[in-house]
Each structure stands twice: as structure tokens, then as C-alpha cells.
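# Geometric and topological summary
Given next are the chains, with one letter for each unit.
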Amino acid sequence: MNIITLTKNNLEQEHICCAISNSKDSQVASKKQWLYRTFDDGLVFKKCDVRGKCFIEYIPAEKAWSPIEGNGYMFINCLWVSGQFKGQGFSNLLLEECIKDSKEKGKNGLVVLSSKKKLPYLSDPGFLKHKGFLLADTAKPYYELMHLPFCENIAAPHFKRHVKTPHIAEPGFVLYYTNQCPFTAKYVPIIESLAKQKAIPFKSIRFETAEQAQNSPAPYTSYSLFYNGEFVTHEILNDKKFDKVLADKGL
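Below, the discussion takes up the packing of aromatic side chains. Using the criterion set out here, one finds 15 aromatic pairs in the structure. Considering the side-chain rings of tyrosine 176 and phenylalanine 226, the 5.9 Å spacing of their centres and the 85° angle between planes classify their relative orientation as edge-to-face. Placement of tyrosine 176 in strand β10 (residues 173-177) and of phenylalanine 226 in strand β12 (residues 223-227) is noted, with a sequence separation of 50 residues between them. Note on accessibility: tyrosine 176 and phenylalanine 226 belong to one class, buried. With 5.9 Å between their ring centres and 85° between their planes, phenylalanine 202 and phenylalanine 242 make a pair best called edge-to-face. Of the two residues, phenylalanine 202 sits in strand β11 (residues 202-206) while phenylalanine 242 sits in helix α6 (residues 239-248), which places them 40 residues apart along the sequence.

Shown next as C-alpha cells:
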């Protein structure tokens, strides 16, 4: 299987796997803009030469849009193989490509955000453990930081202390997000509009830099929703799912 590496030179000609549409689509445009800016920080996006979700995206941990400490590691933003491509060894192929590239760049190992059980948008803990990843740290309510050291006696990465128990001081709904995941470009405006229609206090904060994201109040910076200071979910909500959250809160 041929693997394509996205660069500034071919970004406009290639699809981005997770959102396949024309470049004028808000999801595609936001993701490609984010990629273009982040390539300069060492971001790598590799995909199998197929039309579908079959890719891996990673970046040096020092530049990761994640509140972790992991100097010398490579942080995996996303490893996603789905649909007709599952069960054909593509996840193994992409991970091995990442390992090879990271070792060539002198990295100490890989680190990735996961969870106690398999959840949407987070790396599958079962697959990671099968590939030799070890638990490095945990954060409430269900986050796990997994790492794959390339040699012995390497310090494990860890979450920044302030995200071990996600909490904020602001009342109402507060959403923190980035354009690292293209789906936020579509769904954040939908729930912003719904909250406005229902006159529900709602504030959205988009991280524009890695430094901002590294100071996020929650481990998953692509999307973290809080209500009255308490963490609600990392799952990107559509209107129906947001209505359910409102009902659960008695709103």
C-alpha cells in the first residue's frame, strides 16, 4: 500500500481523509488551514492511498496541542482507520510508519491520548495495549495517557497537573475547541445557534496556538464542554446530542 505524506506543496490537491469534500467545505477548509500552519512545528500527516478514513497524524510533543509534558516524545493526534479499510492491517502499517519516522528523528517514543474504555475521538486502548503501549498517566473522568518508549530508562510523559481534574470557574456552558478536528467547524456553530435560540448561557473559546491548547483546562483540546464549571464531554455534539445534554441538566 502506497502511503502519501501531506505537505504544503500537495495539501490543496489531496483529501484529508476525515472530511472528504471540496476545499470550500467549512470542515475541509478549516482543517487544511490548521495543517498548513502546523506543518512548521513538525506536524506529520500520513495516509494510505485510498479514498476514506485511513491516516495517522502526529507532532513532536513539545509542540502538541495537548496539556502534557513529554519532551523527546512524538505525540499522536489521531490514528483513524474505519469502514471498508478496517481489519486489513492498515492501522499496523500506519503506526509502524510513525515509529520508523519518529526513531529516524531521534525521538524517545510515542505518546497518545486514550481512555479507560473505547470512546469516540480517542485512541482505542485495546489496540494500543496490543501494540505494546503502556499507561503513563490518568486524568478524570476517563482519560489515559499511553506511551511507547523506544528504549529503557526513559521518563514517562504525564498530564499537566491542572488537567488531572478538569474544572473551570465560569458559569453556564463553556466550550473549548480547536480546528485540529475538522468536525468542529461544522458542529460548533450548530450548538452555538441552538443555545442562543433557547437563551442558554453559552461561550465558545477556540484555541489558536499550541501554547493556548497546552494550557487547556481539559486533556482533549479538540473539544471539551463544561457546564457550571464541571466537565461534561469531549464528544463533538450535533443538535440532537446537545438537546440531550440540555435535558440532562434540566434546561
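The discussion continues.
Take the side chain of lysine 46 next. Within the secondary structure, lysine 46 sits in strand β2 (residues 44-48). Separated by 2.8 Å, the side chains of lysine 46 and threonine 5 make a polar contact. Engagement of the side chain of lysine 46 in a polar contact is seen with the side chain of glutamate 97, the distance being 3.5 Å. For lysine 46, the residues in contact, after removing those within four places along its chain, are Ile3, Ile4, Thr5, Phe55, Ile56, Tyr58, Leu94, Glu97 and Asp101.

In this section: the sheet that holds β10. Read across the sheet, four strands follow the order β11-β10-β12-β13 without closing on themselves; strand pairing throughout is mixed. Either end of the sheet is taken by a strand with one partner, and the two such strands are β11 and β13 (230-233). Across the sheet, the mean angle separating the axes of adjacent strands is 25° when strand polarity is ignored. When β10 meets β12, the two strands line up antiparallel, connected through five bridges.

Let us look at the sheet that holds β2. The sheet built from seven strands is open, its strands ordered β1-β2-β3-β5-β6-β8-β7 with mixed pairing. Each edge of the open sheet carries a strand with a single partner, namely β1 (3-5) and β7 (134-139). Along the sheet, successive strands turn relative to each other by an average axial angle of 25°, direction set aside. Strands β2, β3 (54-60) and β5 (73-81) of the sheet are contacted by helix α1 (residues 26-38), whose axis makes an angle of about 40° with β3. Set on the sheet, helix α2 (residues 90-104) makes contact with β1, β2, β3, β5, β6 (109-115) and β8 (143-149); between it and β3 the angle comes to about 25°.

At a minimum axis distance of 9 Å, the contact between helix α4 (residues 183-197) and α6 shows a crossing angle of 45°. Relative to α6, α4 is oriented oblique. Crossing hand, α4 versus α6: right-handed. On α6, the residues that touch Ile190, Ile191, Leu194 and Ala195 of α4 are Asp239, Phe242 and Asp243. In terms of residue class, the contact of α4 with α6 is built from five nonpolar, no polar and two charged.

Calculation notes
Residues numbered from 1 in each chain as written. Predicted model: local features only at pLDDT ≥ 70, side-chain atom pairs only at ≥ 80, totals over all residues. Heavy atoms only, no water. Phe/Tyr/Trp six-rings, centres within 6.5 Å; stacked < 30°, edge-to-face > 60°. Helix = DSSP H or I, 4+ residues; strand = E, 2+ residues; numbered from the N terminus. Buried < 20%, exposed > 50% of the residue type's maximum accessible area, 1.4 Å probe, protein only. Polar contact = N/O pair within 3.5 Å; in protein donor to acceptor, adjacent residues only side chain to side chain. Contact = heavy atoms within 4.5 Å. Pairing = 2+ DSSP bridges. Axes fitted to C-alpha atoms, helices over the stretch in contact; angles between N-to-C directions. Parallel < 35°, antiparallel > 145°, perpendicular 65-115°, else oblique. Left-handed = near helix turned anticlockwise from the far one by under 90°. Nonpolar A, V, L, I, M, F, W, Y, C, P; charged D, E, K, R; others polar.

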